[in-house]
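Single-letter residue listing:
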Amino acid sequence: MEQRSIGQRLHIDFPLFFGILVLCIIGLVVIYSAGGQDINLVYRQAVKLLIALVGMVIVAQLPPAEIARWSLRLYLFGLILLVLVIFYGDVGKGAQRWLDLKVFRFQPSEIMKLSVPMMIAFYLADKTLPPRFLRVVTVCALITIPVLLIAKQPDLGTALLVAAAGFSVLFIAGISWRLLISMGVLGAAGAPVLWYFMHDYQKRRVLTFLNPENDPLGAGYHTIQSKIAIGSGGFYGKGWLNGTQSHLEFLPERSTDFIFAVFCEEFGMLGVLLLLCIYLFIISRGLYIAINAQHTFGRLLASGLTLTFFVYIFVNMGMVTGQLPVVGVPLPLVSHGGTSMVTLMIGFGIIMAIHTHRRFLSF
Amino acid sequence: MAKEFTLKDQDHESNLVARRVYIAAFIILMLVIMIISRIFFLTVLQHEHYTTLSKSNRVKITPIPPIRGLIYSRDGVILAENKPTFSLEVVPEQIDDIDKIIAQLQKIIPIEASDIERFKKLLKKKRRFENVPLRLNLDKEEVALFAVNRHRFPGVDIVAGLNRYYPFAEKLVHTIGYVARIDEDDIKQLNESNYSGTTHIGKLGIEKSYETLLHGEVGYQQVEVNAQGRVIRILDRTAPKPGENIHLTIDLSLQQIAIDALENRRGAIVAMDPRNGDVLSFVSSPGYDPNKFVNGIDSKSYKALLASKDKPLINRVIQGKYPPGSTIKPFMGIVGLENGARTMTDESWCPGWFSLKGHEHRYRDWKKQGHGHTDLHKAIVQSCDVYFYSLAHDLGIDLIYEGLSKFGFGQITGIDIDGENRGLMPSREWKQKAISQPWYPGETLILGIGQGYALTTPMQLAKATASLANKGNIIRPRLVSSTSNSSTNNMITLPSVSENQITVSDNAYWDDVINSMYDVVHGVGGTAWRSGLNAEYKFAGKTGTAQVIGIAQDEEYKKEEIAEEFQDHALFIAFAPVEAPRIAIAIIVENGGGGSKTAAPIARKMLDHFMNNQDLISKG
């Protein structure tokens, strides 16, 4: 039992690493097709992937106690940046999300995807679980403040993911069912109030989501086109590079948020089943690591990050198949794009750190 | 249920977490099954349906933007038109290296650095699959050159369109405003479907306030596309509804006369028809070229406009705030008569200054040696300050505030373009709120001659003058008299709005004050007698000279010693013909010196033109 495997010496969890790698390769294959068979696009994505993987391995070297120590500082740092975005942020694609650091632009909300679950795991691990009422209230505030700041940018997708990350940790920490249900009821009761305060254009978006055919030129267009792509793919798919909907340029954002529609069109339901198996494999490995962690912080954080990973998948697939509103969440590890890839990989790095540092901890 | 422990219990916690993880795993499984069944529904059960759709999905629905309505002057001249243009547009999604493409395009067609700057700015704001214009206003040769090379540039195309053009540029910019490219703030307000093919939206003036009418309704066409997404043929078409044409009340020839008479000085001129509120001329000088804004002004030119000392971007007619000066006196006269503070024959003694009892401070008259015995008629004709100091003192601030407010001073005029300033009619409450000080009697005195806190916009002054001409009937000014539809030829005339009637106990008050104003231009010793010489019609007027800086007690105002921006503003109000007024005018020339010397001659030129033309029309 005391013997250290190669994986533990390198602080890499091979099953997890293997699953991630397979997904990334699938991603590159689909991006090649979706991007109009442009090999340069694939190269560029591969470079980003490599950077993200290196980031993951580096983070995996940190002992979890070190990560816990950084939770509060990182959380506050992220909050400050979010406030800075309001005043100095760069506008792009209709939202104020980026900070221009001259060398590169970056989205402070990405930090929050990691630092919110870290902060909450750190805070809850301090005392006996399940958390008492007052601590739950504090946790809710810790989640709500960054979520509102991000939603104001407006970046509904990221706000949703940050909230999901926070509440996942709270759920795992054993919040009582009574509290959970009353929070749900409160949320449902808040919806009509929210409706009252919404701008006309926001109301229109919600209505369009409920009936996309009403607005075939506007927001309904994405959903209608992606459903056609998925449905026409059938059980076996049209085959790699043979998807017509995506190649005829009917489908917008086909290498980023709507890449799942391209995947479905070309690989069919069979491909989807396979893809879901790989995702489930990664998730079950993440949850296995969470259960076997030796300290509460690790347990909470590993399961929180894993559940968030699933929320990513679910929201993206729900959106592409027309069951959830179009909020702009990429399909994790498959969609083209660097920022979310790096964040996800660092998340997996943390999970690996929790697992591979187990024996050498004295908590 | 979890038992309570006082000490941290690792085993208990790990069990709790494990239990929750199992529950989460179960929920995940359920949701995955949901996804799978949705995919099953789409790919297997609905497969036929979507296959049919995908085969017919060579058909795209694209919006057809409506053609924007035109804007005409009262005399039927086009003031805002749509000119056909060709622009080079790029769909970012279909291009990997935009800089490379631009470099290649530059070998065929000249693309300036400012074009690229504007393009990059738009690129950030637009979605990746939307067209972004790179070069505008291509000439025929450039269009042909690109057409030959088009196959080399997938994702780049020539788009034919209509460009808004304002032939009278800076002469009417403050009235008509301009359209410019739709930005983020606009998107929040507008109906996205109706604007799905539209690139421009009214930003200012008439173009903004009548946006809904001018824009029209979007149409749709179904087009068949080839594998590159290029249109092969049109299958079906729902025509857009073109925007309505707008007919302004502006009389272009009168506008031109007013602009010429102002000789490029800073100032504002408003002429309106007191019978229906039609604004006949609307001059804010200097103006600027709205055509530069239509497709985005480059930052250098914009900064120059912002930095200009003449402040051309300000619409002086509705946003400029000026002390009314002596033009307030006829209105003060009505307020004095109505409140019983004076009768027509009551006289004041004017030694050239006025003092409050027990104070040494002398409020000076513009005429050092004084006007002697002065009644209201003489006080208006010769613009005696002492008479109005004394009248204001007897009335008190509250009655003055109430009386002048009825004429619309310190209030929005309600003209049909945005951005109007209220001006300021001070009161006790206002002063307490704004600067936390009580009202001082001395402030009432200078308010009586239109100085001190009182500020008016030229539009307000014109509206008040019109209501004086109307003997108290207050008409809301308007710039649009009717709209017409180019396809149906339907003309809709907009009704004029009478807001209110100022009632006085004796209608002779109106006649008395108007007679005095008549003698300002036609009488002996009238301050504007020069401007009334040899007129073929009769008009009424009042001069005003508004101080920009205060002059100390023992100092004298010497024009040649004062920098231009501190020289007095010249004002003049007038209406004609005096027996049945058809035009009311308000003129302000910034730092123009005396109202009689600078402002009144402008009014004369406008009235000569207007009255002569009107006579021609009535003679047939």
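Residues numbered from 1 in each chain as written. Chains lettered and ligands numbered in written order. Predicted model: local features only at pLDDT ≥ 70, side-chain atom pairs only at ≥ 80, totals over all residues.

Asker: Go over the overall build of chain A with me, naming the residues and quoting the values.
Answerer: The number of helices and strands found in chain A is 14 helices and 3 strands. When burial is assessed residue by residue, chain A has 50% of its 363 residues classed as buried. (Helix = DSSP H or I, 4+ residues; strand = E, 2+ residues; numbered from the N terminus. Buried ≥ 20, exposed ≤ 12 C-beta atoms within 10 Å, placed from the backbone.)

Asker: Give me the lowdown on the overall build of chain B, citing residues and values where you can.
Answerer: In terms of helices and strands, chain B carries 23 helices and 23 strands. For chain B, the residues scored as buried account for 41% of the 620 residues in total. Looking at chain B alone, contacts between residues at least 24 apart form 73% of all its contacts between residues at least 6 apart. (Contact = placed C-beta atoms within 7 Å.)

Asker: Account for helix H21 (residues 508-522) of chain B, naming residues and giving values.
Answerer: Residues and elements named next belong to chain B. Here H21 is 15 residues long and its end C-alpha atoms lie 20 Å apart, about the 21 Å a rise of 1.5 Å per residue gives. Among all positions of H21, only Tyr509, Val513, Ile514, Ser516, Met517, Tyr518, Asp519, Val520, Val521 and His522 are buried. Of the surrounding elements, those touching the buried residues of H21 are helix H14 (329-338), helix H15 (376-381), helix H22 (529-532) and strand S21 (540-546). (Expected span 1.5 Å × (residues − 1).)

Asker: Which residues make up the sheet that holds strand S22 (residues 569-576) of chain B, and what are the values?
Answerer: All names here are of chain B. The antiparallel open sheet is built from 5 strands, whose spatial order is S12-S11-S23-S22-S21. Where the open sheet ends on each side, the last strands, each with one partner, are strand S12 (279-285) and S21. The sheet shows a mean angle of 5° between the axes of neighbouring strands, direction not considered. Sheet topology note: the S22/strand S23 (residues 583-589) ladder contains 7 bridges and is antiparallel. By the bridge assignment for S23, Ala570 is matched with Val589. (Pairing = 2+ DSSP bridges. Axes fitted to C-alpha atoms, helices over the stretch in contact; angles between N-to-C directions.)

Asker: So what's going on with the environment of Gly523 of chain B? Residues and values would help.
Answerer: Turning to its location among the elements, Gly523 of chain B is positioned in the loop between H21 and H22. Taking the C-alpha atoms as reference points, Gly523 of chain B and Gln382 of chain B, separated by 141 residues in sequence, lie 9.9 Å from one another.

Asker: Hey, could you go over the pairing of S21 of chain B for me, with residue numbers and the actual values?
Answerer: Sheet faces and side chains relate simply in a regular strand, where the side chains alternate between the two faces. All names here are of chain B. Burial analysis of S21 places 7 of its 7 residues in the buried class, which makes it a mostly covered element. Going residue by residue along S21, you find Ala540, Lys542, Gly544 and Ala546 tucked away on one face and Gly541, Thr543 and Thr545 tucked away on the opposite face as well. Pairing geometry for S21 and S22, over 7 bridges, is antiparallel. Note that in S22 the partner of Lys542 across the bridge is Ile573.

Asker: So what's going on with the nonpolar core? Residues and values would help.
Answerer: Membership of the largest hydrophobic core comes to 120 residues, with the highest contact counts inside it found for Val270, Ala574, Ile585, Ile587, Ala603 and Met606 of chain B. Membership of the second largest hydrophobic core comes to 109 residues, among which are Val59, Ile143, Val320 and Phe348 of chain A. (Core = buried A, V, L, I, M, F, W, Y, C linked by C-beta atoms within 7 Å.)

Asker: Tell me about the packing of helix H5 (residues 108-125) of chain A against helix H7 (residues 156-172) of chain A, residues and numbers included.
Answerer: Residues and elements named next belong to chain A. Where H5 meets H7, the axes come as close as 9 Å, and the angle between the chain directions of the two elements is 15°. As far as their axial angle goes, H7 and H5 are roughly parallel. The interaxial crossing formed by H5 with H7 has right-handed handedness. In this structure, H5 contributes Ser109, Met112, Lys113, Val116, Pro117, Ile120, Ala121 and Leu124 to the contact, and H7 contributes Thr158, Leu161, Val162, Ala165, Gly166, Ser168, Val169 and Leu170. (Parallel < 35°, antiparallel > 145°, perpendicular 65-115°, else oblique. Left-handed = near helix turned anticlockwise from the far one by under 90°.)

Asker: Tell me about unusual backbone geometry, and name the residues and values.
Answerer: The peptide bond linking Ser285 of chain B to Pro286 of chain B adopts the cis configuration, its omega dihedral lying at 0°. Position of Pro286 of chain B among the secondary structure elements: in the loop between S12 and helix H11 (291-294). In the Ramachandran plot, His11 of chain A falls in the positive-phi region, its phi being about 60° despite a non-glycine side chain. Inspection of the secondary structure assignment puts His11 of chain A in the loop between helix H1 (6-10) and helix H2 (14-34). Unusually for a residue other than glycine, Asn591 of chain B sits at a positive phi of about 50°. By secondary structure assignment, the location of Asn591 of chain B is in the loop between S23 and helix H23 (595-619). On the basis of neighbour counts, which here come to 18 C-beta atoms within 10 Å, the residue Asn591 of chain B falls in the partly exposed class.

Asker: Requested: an account of the packing of helix H4 (residues 64-88) of chain A against H5 of chain A, with residues and values cited.
Answerer: A pair of packed helices can be characterised by two numbers: the angle between their axes and the separation between those axes. Residues and elements named next belong to chain A. The geometry of H4 relative to H5 is characterised by a closest axis approach of 8 Å and an angle of 140° between their N-to-C directions. The angle between H4 and H5 places the two elements in the oblique class. Judged by the twist between their axes, the crossing of H4 over H5 is left-handed. Across the interface between the two elements, Ile67, Ala68, Ser71, Leu72, Leu74, Tyr75, Gly78, Leu81, Leu82 and Val85 of H4 pack against Pro108, Ser109, Ile111, Met112, Ser115, Met118, Met119 and Phe122 of H5.

Asker: Tell me what's going on with the pairing of strand S10 (residues 245-248) of chain B, and back it up with residues and numbers.
Answerer: All names here are of chain B. Of the two faces of S10, the one holding Asn245 and His247 and the one holding Ile246 and Leu248 are both buried throughout. Examined bridge by bridge, strand S2 (residues 71-72) and S10 share 2 bridges and lie parallel to one another. Across the sheet, the residue bridging to Ile71 is Ile246, located in S10. For S10 and strand S18 (residues 480-484), the ladder comprises 4 bridges, and the chain directions are antiparallel. Looking across to S18, one finds that Ile246 is bridged to Thr483.

Asker: How would you explain the environment of Ser54 of chain B if you had to name every residue and give the values?
Answerer: Along the chain, Ser54 of chain B falls in helix H2 (residues 47-55). Its 22 C-beta neighbours within 10 Å are what place Ser54 of chain B among the buried residues. Not counting residues within four places of it along the chain, the set of residues in contact with Ser54 of chain B comprises Ile228, Ser232, Thr244 and Gln245 of chain A.

Asker: Describe the confidence of the model for chain B, with residues and values.
Answerer: Residues and elements named next belong to chain B. Taken as a whole, chain B shows an average pLDDT of 87; of its residues, 92% reach a score of 70 or greater. This model gives residues 1-7 a pLDDT under 50, and the stretch forms 5 contacts once residues within four places in sequence are excluded. As scored by the predictor, the complex reaches a pTM of 0.61 and an ipTM of 0.91. (pLDDT = per-residue confidence, 0-100.)

Asker: Talk me through the environment of Asn131 of chain B; I want residue IDs and the actual numbers.
Answerer: All names here are of chain B. With respect to the helices and strands, Asn131 occurs in the loop between helix H4 (113-125) and strand S4 (132-135). Put simply, Asn131 and Val159 are 28 residues apart on the chain and 9.4 Å apart in space, counted from C-alpha to C-alpha. Beyond its immediate chain neighbours, meaning those up to four positions away, Asn131 contacts Glu89, Val91 and Val159.

Asker: Just give me the short version of the confidence of the model for chain A, but keep the residues and values in it.
Answerer: The predicted model of chain A averages 84 in pLDDT, with 85% of residues at 70 or higher. By mean pLDDT, strand S1 (residues 90-92) of chain A is the weakest element of chain A at 59, and helix H12 (residues 259-292) of chain A is the strongest at 94.

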